[in-house]
Amino acid sequence: MACERTLSILKPDATARNITGKINAKFEEAGLRIVAQRRTRVTREEAEQFYAIHKERPFFADLCSFMSSGPVVAQVLEGEGAIKKHRDIMGATNPKEAAPGTIRAEFSLSIDENTVHGSDSAETAAEEIRFFFRETEIVG
Ligand code: GDP
């Protein structure tokens, strides 16, 4: 399997509850390496741009409000098959459906406050990484 990079975001419910280290431990235990990381805030406009694919969905406004409601931690994770591995560790979008041991099963409060974001394909990963990081900020 190829070495990949994927974009991870620890959402505002993770920073609010001070559990970013616990989440990072899960990534590292699974063999993913954090090769870039920045705690930041996204504006509502940036959230709308980042999640533009969902703009017709009924949850779009709430999603963008939530993502701009507090600090987030944007990260690039690197490893063998990183995109799928990261999605597997995150668990299903709705924490009620997330498998035991996944981040969303363990930590998420609801489908809205679901703690983590992860790119869903190689193409999206490249685009989403560019959204947050310059190539020189990624140190593998
Ligand atoms: P993800 O890749 O698992 O994060 O899911 P998506 O990319 O499909 O959706 C982006 C985010 O929008 C999710 O993480 C949820 O917080 C939210 N979301 C997705 N589907 C729903 C839904 O049916 N209802 C609500 N309230 N939020 C949703």
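Residues numbered from 1 in each chain as written. Predicted model: local features only at pLDDT ≥ 70, side-chain atom pairs only at ≥ 80, totals over all residues. Heavy atoms only, no water.

A. Region of interest: the overall build of the protein. Per the secondary structure count, the protein includes seven helices and four strands. The order of helices and strands in the protein, counted from the N terminus, is β-α-α-β-α-α-β-α-α-β-α. Relative to its length of 140 residues, the protein is compact, with a C-alpha radius of gyration of 14 Å against a globular reference of 14 Å. Taking the principal axes of its C-alpha atoms as reference, the protein extends roughly 35 × 35 × 25 Å. Total accessible area on the protein stands at roughly 7,600 Å², and carbon and sulfur atoms take up 49% of it. Counting 19 positive and 22 negative side-chain charges, the protein places the centres of these two groups 3 Å from one another. (Helix = DSSP H or I, 4+ residues; strand = E, 2+ residues; numbered from the N terminus. Rg over C-alpha atoms; globule rule 2.2 N^0.38 Å. Areas by Shrake-Rupley, 256 points an atom, 1.4 Å probe, with all protein chains shown as cover. Lys, Arg positive; Asp, Glu negative; His and termini not counted. Charge placed at Lys NZ, Arg CZ, Asp CG, Glu CD.)

B. The site of the ligand, seen in detail. Around the ligand, the neighbouring residues are K11, Y51, H54, F59, L63, R87, T93, R104, I111, D112 and N114. In the environment of the ligand, an oxygen atom lies 3.1 Å from a nitrogen or oxygen atom belonging to the side chain of H54. I111 places a main-chain nitrogen or oxygen 2.8 Å from an oxygen atom of the ligand. Look at the ligand: alone it shows 550 Å² of surface, and the protein chains cover 77% of it. Taken together, the residues of the shell around the ligand sort by class into four nonpolar, three polar and four charged. (Near = heavy atom within 4 Å. Polar contact = N/O pair within 3.5 Å; in protein donor to acceptor, adjacent residues only side chain to side chain. Nonpolar A, V, L, I, M, F, W, Y, C, P; charged D, E, K, R; others polar.)

C. View of the packing of aromatic side chains. According to the stated counting rule, one finds four aromatic pairs in the structure shown. Measuring from ring centre to ring centre gives 5.1 Å for F50 and Y51, while their planes differ by 85°; the resulting arrangement is edge-to-face. Feature note: the residues F50, Y51, F131 and F132 constitute an aromatic cluster, connected by ring pairs. It is R38 that lies over the ring of F133; its NZ or CZ is 5.1 Å from the centre. (Phe/Tyr/Trp six-rings, centres within 6.5 Å; stacked < 30°, edge-to-face > 60°. Lys NZ or Arg CZ within 6 Å of the ring centre and 35° of its normal.)

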